[in-house]
Amino acid sequence: MTGYRPRVGDLIALPTYVSDRPYRVLSVSDSRTLGWVHLGGYLIHADLTQWHCDQDVPLDQLRKLPDPIWPDP
């Protein structure tokens, strides 16, 4: 299996069976399962609260999301 391997700082979409919220990657390591990766990071909810969680996910089900560009105050 191949797919997108995220890097620290990336904003990604996890598989929908895990969550439909954007996920900010804080750590990446190999999983014990071939074709999967272990991620540390946090989910970003609609009210911008964050929930820290670690996940083992298949690489072929990850996709990078565009980072929002915030306007200057």
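Residues numbered from 1 in each chain as written. Predicted model: local features only at pLDDT ≥ 70, side-chain atom pairs only at ≥ 80, totals over all residues. Heavy atoms only, no water.

S.K.: Before we go on, may I ask you to explain the pairing of strand β4 (residues 50-58) in this structure?
M.R.: Strand residues, when the strand is regular, have side chains that alternate between the two faces of the sheet. Pairing analysis gives 9 bridges linking strand β3 (residues 36-44) to β4, with the strands arranged antiparallel. Looking at β4, one finds that G41 is bridged to C53. Linking β3 back to β4 in an antiparallel pair, the connection comprises 5 residues, with L48 at a positive phi of about 70 degrees. (Pairing = 2+ DSSP bridges. Helix = DSSP H or I, 4+ residues; strand = E, 2+ residues; numbered from the N terminus.)

S.K.: Could you clarify how one ought to interpret the layout of surface pockets in this entry?
M.R.: Gaps between atoms show up when a probe of the same size as a water molecule is rolled over them. Here the largest pocket is characterised by a volume of approximately 200 Å³. Of the residues that constitute the lining of the largest pocket, the class distribution is 7 nonpolar, 2 polar and 2 charged. (1 Å grid on protein atoms, 1.4 Å probe; cavity = no way out; pocket = protein on both sides within 12 Å on 5 of 7 lines; lining within 4 Å. Points joined across faces, edges and corners; volume = space filled by probe spheres on them. Nonpolar A, V, L, I, M, F, W, Y, C, P; charged D, E, K, R; others polar.)

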